[in-house]
Amino acid sequence: VAQRIKSGYGDWVDVYAPYLEPKGGPVRPVRGRLAAFLGELFTSYQALILVMATGIAVRCLAPYLRDKRRDPAVLVVDEHGHHVISLLSGHLGGANELARQTARLLGGEAVITTASDLAGLPALDLVARELRLWPVPWRRLPRVAARLVNGGRLGFWAEEPLRATLEERLGRGCVFPLEEFRGPEGWEAGVLVTDRCMPDYGTNWIFFRPRRVVAGIGCRRGVSTEVILAALGRTLKSAGFSRWSLRALATADL
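Visitor: What is the right way to read the sheet that holds strand β6 (residues 109-111) from this model?
Guide: One key point about sheets: their strands pair by backbone hydrogen bonds, in either a parallel or an antiparallel sense. Taken in spatial order, the four strands make up an open sheet running β3-β4-β5-β6, and their pairing is mixed. A strand with exactly one partner marks an edge of an open sheet, and here the two such strands are β3 (47-51) and β6. On average, each strand axis in the sheet is tilted by 25 degrees relative to the strand beside it, whichever way the strands run. Bridge count for strand β4 (residues 73-77) against strand β5 (residues 83-88) is four bridges, and the pairing is antiparallel. Its bridge partner being in β5, L75 is matched across the sheet by S86.

Visitor: Help me out: how do you make sense of the packing of helix α1 (residues 2-9) against helix α4 (residues 95-106) in this one?
Guide: Viewed as axis vectors pointing N to C, α1 and α4 meet at an angle of 105 degrees, and their least axial separation amounts to 10 Å. By the angle between their directions, the pair α1 and α4 is classed as roughly perpendicular. Residues R4, I5, G8 and Y9 of α1 touch α4, and the partners they reach there are L98, Q101, T102, L105 and L106. Of the residues in the contact of α1 with α4, the class split is five nonpolar, three polar and one charged.

Visitor: Looking at this structure, how should I read the sheet that holds strand β11 (residues 205-210)?
Guide: In spatial order, the strands read β7-β11-β10-β8-β9; together these five strands make up an open sheet with mixed pairing. Across the chains shown, the open sheet's two edge strands, defined by having one partner strand only, are β7 (133-136) and β9 (175-177). Across the sheet, the mean angle separating the axes of adjacent strands is 25 degrees when strand polarity is ignored. Pairing of β7 with β11 involves four bridges; the strand directions are antiparallel. The partner of L133 across the bridge, within β11, is P210. Across the sheet, helix α7 (residues 141-149) touches β7, β8 (154-158), β10 (189-193) and β11, and the angle it forms with β11 is around 110 degrees. Relative to the sheet, helix α8 (residues 162-170) contacts β7, β8, β9, β10 and β11, its axis offset from that of β9 by approximately 165 degrees.

Conventions we followed
- Residues numbered from 1 in each chain as written.
- Predicted model: local features only at pLDDT ≥ 70, side-chain atom pairs only at ≥ 80, totals over all residues.
- Heavy atoms only, no water.
- Pairing = 2+ DSSP bridges.
- Helix = DSSP H or I, 4+ residues; strand = E, 2+ residues; numbered from the N terminus.
- Axes fitted to C-alpha atoms, helices over the stretch in contact; angles between N-to-C directions.
- Parallel < 35°, antiparallel > 145°, perpendicular 65-115°, else oblique.
- Contact = heavy atoms within 4.5 Å.
- Nonpolar A, V, L, I, M, F, W, Y, C, P; charged D, E, K, R; others polar.

See the structure below:
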């Protein structure tokens, strides 16, 4: 099964096994205990496709889980290639799409369990990444996304041209101009797409920050990092920009 996957994806796939396969291409050996070895691979690859039982995969990888923004995609495939399970990092890591592709390669079935996919709705974390928007604060994203999945009253407001771009992804009529936003009353949750500073409307509200602000920095030699950062913070605040929208710093190259 692993060699069939490799033949479909090409040379950038490495195959590891506890024994050497005599045919079908090179196989790298699994060294030592499986859990420790998978821990090494976990931080070395963008995706892991594990041909083994789901229980083994869960128990081996559990100590290495960090954050959905950093963990690799993980798939589990049964030894006959019938089922391809998207186990970890379905959206941001790309495991859901990788599961679909791998299932097509094997002639099997992709097993997707993320709620938004099952409901045929867009995944907010994936939308943000595709449009290069930074969710702030990140920890609120699952709570806001749950309102969308559960049919709650969730509103989107965005600046132009981001509103038109976001509407292409979410559907026409779903995203309102930011200047029409009058506050959270009447809404269970909301997403505000802007690089401008605005009030925090509570735990069911989140900002999607476009990173498009470039700050020019000029200073004399010997000025400390703390002084520069303090000046940058004051300037962003006086200009009304969120620090989360800072894309780059520009200065002279001497």
